[in-house]
Amino acid sequence: MESRILRPTLAIYSGIFLLFLYGPMIVLAILSFQSADGGPQFPIREWSTYWYQHLLGLAETSRVSQLPVGDSLIRSIILAFMTTVVSTILGVMSAEAFRTKFKGSGPAFYLIILGMMVPGVLVGLGMALLSNTLGISRAWFGTSFVLHVVYTYPFAFLVLLAIFNRFDRTVEEASMSLGVSPAQTFRRVTFPIIFPGVLSAMLFSFTLSYDEFSRTLFTAGRELTLPLAIYGTFSVEIYPNLFAFGVLTTLFSFTLLVIYGLLMKRFTSKASRFKGQEEG
Amino acid sequence: MTTLSTDTPSDTSLSPAQLREKKDRRRAITLLTPGLLWMALFMVLPMIMVVYVSFWTQTTFTVESTLTTASWERFLSSSTYLGAIWTTLRIWAIVLIATIVVGYPVALFIGLFVRNKTLQTALLVACVIPFWTSFLIRVIAWRPMLGTEGAINAILMQLGIINEPLTFLLFSEFSVLVGMTQIYVVFMVGPITFMLGRIDPSVIEAARDLGASFGTIFRRIILPLSLPGVMVGAIFVSVMVLGEFATAASLSGRKVNLLGNIIVSQVGSLKWAFAAVAGVVLTIIITAVIALALRLVDLRKEM
């Protein structure tokens, strides 16, 4: 039996693969605890949290300038929030539209999907050219924001389309035929069913926008978002404060993921309670 | 649907089915309009602008809307820029093949050999978790890994395999290829695993009962059924790698210039028309690649 050799070989290979995926981040996390006089490489002179203090502005003045994260972090969070709201609303509306077959649905589908395909550097360039020509000043809450939605809306749309495809239209029709108004039906029947999809679409939109870089590069104007601030430090020499930042921002993302997980769990347990009532 | 008759009194000649179809269509269009309008204004229009500006006249610091092909002529006669096209295509091809070669066995393991659903999900989640780290941080994480004083060199020296640190690891085409493969390989693993997970185990069992070796089963059943996954993964990886510039900018030490890097540097020096030409060339390449891939697989059917 070949699978007796094949299975362990593939298992070991997959382990090495995971090491390949995680290795750089592990090294980066270790090096973020470098001492103040150490560089961004091995060996670790002395374990310390100096670079975390440095990042948060708690360390005394040093040769390394502080990462400009404060204002840019707030901007990035606001931008991601705006993007999440708009792309989720657009996603729900479009996915709802695609539940019925209609002429021209093919081109409309591909036009939406194109948003996640077009390289950021191209739409970014186009938007910069457009705003230059029209005399609109570029800003993270304007030109960058609309491009972020162009990028995240297709993801929200696809997630919701998958949910809508799976759910039975007759449930809504039953509600309507019992005389419930369309608005009420959406609130009491449709929305609870699609809620997990909405939550996933929001998570996608938020994390994609929060980390979006190439679409923002040409369109953010003078005030930088977080990824742009990080990119600015690439051209000069890097220090372990960047590594400390990487660890913290990863923890922030995991917090989001945990919140998502808790909301999802709470919702599904509520939904199963409903099911129990129906059966009982 | 009591509202139908009052809604459209003039359409009494149509059958209820036609009426309903008409109403559905109108509803779909109303719901879709905001989204499609957004895409038209903020995606299609900027792209048209890129094509338009590529024919503008470039002066030292601005562009004027007098049409000319000067920027195109300069681009197509410069060996630097033609070289960028070649570099982009070469890096794309190598990374694409690397993601397939590196990712396929992992997908094979997760999708076909792990039959425990919980473990399967756990492994897929483990592949996705790195995406919760910022993209730029994941790129920069390769520096302490590959540098002359980096982790790889340190380990190899400790083991006595090398005496001098390897210098080709960082700030070279090699580091760009490794970085891109690590960042994008998951987009290949995901779709392939999905397609492999859909294969009915009884088909493979039947083939085995009939005496087929694993090689035959792989060639005749597994590979053909997983090809749509490979194609979807290839589309993901292609569009992302072709539009890349950050990995090359931070890991190649300016030795690798992709079309994306050309655009960034031209915008930096306010050569808008020139950046637009590079943008159009990049668009043509990406369109060709996607068109080719879509010929081979119907994306909407696979969703």
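Cut-offs used in this document
- Residues numbered from 1 in each chain as written.
- Chains lettered and ligands numbered in written order.
- Predicted model: local features only at pLDDT ≥ 70, side-chain atom pairs only at ≥ 80, totals over all residues.
- Helix = DSSP H or I, 4+ residues; strand = E, 2+ residues; numbered from the N terminus.
- Rg over C-alpha atoms; globule rule 2.2 N^0.38 Å.
- Buried ≥ 20, exposed ≤ 12 C-beta atoms within 10 Å, placed from the backbone.
- Contact = placed C-beta atoms within 7 Å.
- Nonpolar A, V, L, I, M, F, W, Y, C, P; charged D, E, K, R; others polar.
- Expected span 1.5 Å × (residues − 1).
- Bend = angle between axes of the 7 residues up to and from the residue.
- Domains from an automatic or database assignment.
- pLDDT = per-residue confidence, 0-100.
- Core = buried A, V, L, I, M, F, W, Y, C linked by C-beta atoms within 7 Å.

Some thoughts on the overall build of chain A
Now for step 1: Each helix and strand counted, chain A has 11 helices and zero strands in total.
Now for step 2: For chain A, the N- to C-terminal ordering of α and β elements is α-α-α-α-α-α-α-α-α-α-α.
Now for step 3: In summary, chain A has a C-alpha radius of gyration of 24 Å against a globular reference of 19 Å for 280 residues, an excess of more than 25%.
Now for step 4: A burial count over chain A gives 41% of its 280 residues as buried.

A few points about the interface of chain B and chain A
Now for step 1: Counting residues at the interface gives 69 residues for chain B and 70 residues for chain A.
Now for step 2: If you tally residues by element for the side of chain B that touches chain A, the top one is helix 2 (residues 16-53) of chain B, at 18 residues.
Now for step 3: Classifying every residue of the side of chain B that touches chain A by side-chain character gives 51 nonpolar, 12 polar and six charged.

A look at helix 4 (residues 79-113) of chain B
Now for step 1: Taking 1.5 Å as the rise per residue, helix 4 of chain B with 35 residues should run 51 Å; its terminal C-alpha atoms sit 50 Å apart, in good agreement.
Now for step 2: A bend of about 35 degrees at B:Gly103 is the largest found in helix 4 of chain B, and the proline B:Pro105 appears one to four places after it.

Describing unusual backbone geometry
All names here are of chain B.
Now for step 1: Here the phi dihedral of Phe171 falls at roughly 55 degrees; this positive angle occurs in a residue that is not glycine.
Now for step 2: Overall, Phe171 belongs to the buried group, with 20 C-beta atoms counted inside 10 Å.
Now for step 3: With a phi close to 65 degrees, Arg254 is a non-glycine residue in the positive phi region.
Now for step 4: Here Arg254 lies in the loop between helix 12 (246-251) and helix 13 (259-268).
Now for step 5: Here Arg254 falls in the exposed class, since 11 other C-beta atoms lie within 10 Å of it.

Digging into the environment of A:Pro154
Now for step 1: Among the secondary structure elements, A:Pro154 is positioned in helix 6 (residues 140-166).
Now for step 2: Note: C-alpha distance between A:Pro154 and A:Gly91 (63 residues apart in sequence) is 7.2 Å.

Thoughts on the domain arrangement of chain B
Now for step 1: Entries for chain B in the domain assignment read domain 1 (3-40) and domain 2 (77-302).
Now for step 2: Computed over C-alpha atoms, the centres of domain 1 of chain B and domain 2 of chain B are 44 Å apart.

Quick look at the confidence of the model for chain B
Residue and element names in this part refer to chain B.
Now for step 1: The pLDDT averaged across chain B works out to 87; a share of 94% of its residues lies at or above 70.
Now for step 2: For chain B, helix 1 (residues 3-7) is the element with the lowest average pLDDT, namely 45, and helix 4 is the one with the highest, namely 94.
Now for step 3: Contacts of residues 1-9 to residues separated by more than four positions or lying in other chains number three contacts, the stretch itself having pLDDT below 50.
Now for step 4: Among the scores for the predicted complex, ipTM is 0.86 and pTM is 0.86.

A word on the nonpolar core
Now for step 1: Residues A:Leu125, A:Val150, A:Leu160, B:Val237, B:Val241 and B:Ala276 are the most contacted members of the largest nonpolar core, which totals 159 residues.
Now for step 2: In terms of residue count, helix 6 of chain A provides more of this core than any other element does, 16 residues in total.
Now for step 3: Not counting chain neighbours up to four residues away, the residues in contact with B:Ala276 comprise A:Leu125, A:Leu129, B:Val50, B:Val53 and B:Ser54.

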